Amino acid sequence: MALADTLDDLISSRRIEPQLAMRIMQNFDESIAKVLNEKVKARMTFKGHLDTYRFCDEVWTFIIKDIHFKMDNAHQFDAEKIKIVACLAKEKAA
């Protein structure tokens with residue numbers, strides 16, 4: 001969210017074009033997904049109450065309330081509400 005806010009500020013002050021901000025966000029999303037896939041080995045489970053779900057344009061969106069998270073290392077925490085957005089990963093041509 002900090003990156004998105006910063007890019008919005010740069011667009012508002014006309015220091016970058018919106019197309020560049022979109023490209024930056026796309027590269028960020030791809031890089032984070034790659035690093036998480038390759039480097040993170042921890043697992044987490046969660047339980048909660050599914051409040052809302054929708055499927056539109058090949059994207060699933062879930063709103064879960066009263067959620068309880070449990071990490072592999074026994075750390076646990078709760079949240080009032082989370083939003084999960086899931087879509088198919090695009091395969092890059094080699």
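Since the structure is predicted, the reported quantities are computational estimates derived from the model, not experimental observations. (Residues numbered from 1 in each chain as written. Predicted model: local features only at pLDDT ≥ 70, side-chain atom pairs only at ≥ 80, totals over all residues. Heavy atoms only, no water.)

Peer 1: Any chance you could explain the overall build of the protein here in plain terms?
Peer 2: The secondary structure content of the protein amounts to two helices and three strands. Reading the secondary structure of the protein in the N-to-C direction produces α-α-β-β-β. Radius of gyration (C-alpha) of the protein: 17 Å, far over the 12 Å computed for a compact globule of 94 residues. Seen along its three principal axes, the alpha-carbon backbone of the protein occupies a region of about 45 × 30 × 30 Å. A fraction of 24% describes how many contacts in the protein between residues 6 or more apart in sequence connect residues 24 or more apart. Of the roughly 8700 Å² that the protein leaves accessible, carbon and sulfur atoms contribute 56%. A distance of 4 Å separates the average location of the 15 positive side-chain charges in the protein from that of its 15 negative side-chain charges. (Helix = DSSP H or I, 4+ residues; strand = E, 2+ residues; numbered from the N terminus. Rg over C-alpha atoms; globule rule 2.2 N^0.38 Å. Contact = heavy atoms within 4.5 Å. Areas by Shrake-Rupley, 256 points an atom, 1.4 Å probe, with all protein chains shown as cover. Lys, Arg positive; Asp, Glu negative; His and termini not counted. Charge placed at Lys NZ, Arg CZ, Asp CG, Glu CD.)

Peer 1: Would you mind going over the pairing of strand 2 (residues 59–71) with me for this structure?
Peer 2: Both faces of the sheet carry side chains from a regular strand, because those side chains alternate between them. Pairing geometry for strand 1 (residues 44–56) and strand 2, over 11 bridges, is antiparallel. Its bridge partner being in strand 2, Thr52 is matched across the sheet by Ile63. Taking the residues between adjacent antiparallel strands as the criterion, strand 1 and strand 2 are bridged by two residues, where Asp57 takes a positive phi near 55°. Summarising the sheet, strand 2 and strand 3 (residues 76–87) pair through 11 bridges and their orientation is antiparallel. Within strand 3, the position partnered with Val59 by the bridge is Cys87. Where strand 2 folds back onto strand 3 in an antiparallel hairpin, the turn is made up of four residues, including Ala74, whose phi is positive at roughly 75°. (Pairing = 2+ DSSP bridges.)

Peer 1: What's the story with the environment of Arg43 in this structure? I'm lost.
Peer 2: Tracing the chain through its elements places Arg43 in the loop between helix 2 (18–39) and strand 1. Put simply, Arg43 and Asp72 are 29 residues apart on the chain and 5.6 Å apart in space, counted from C-alpha to C-alpha. Not counting the four nearest positions on each side in its chain, Arg43 is found in contact with Lys70, Met71 and Asp72.

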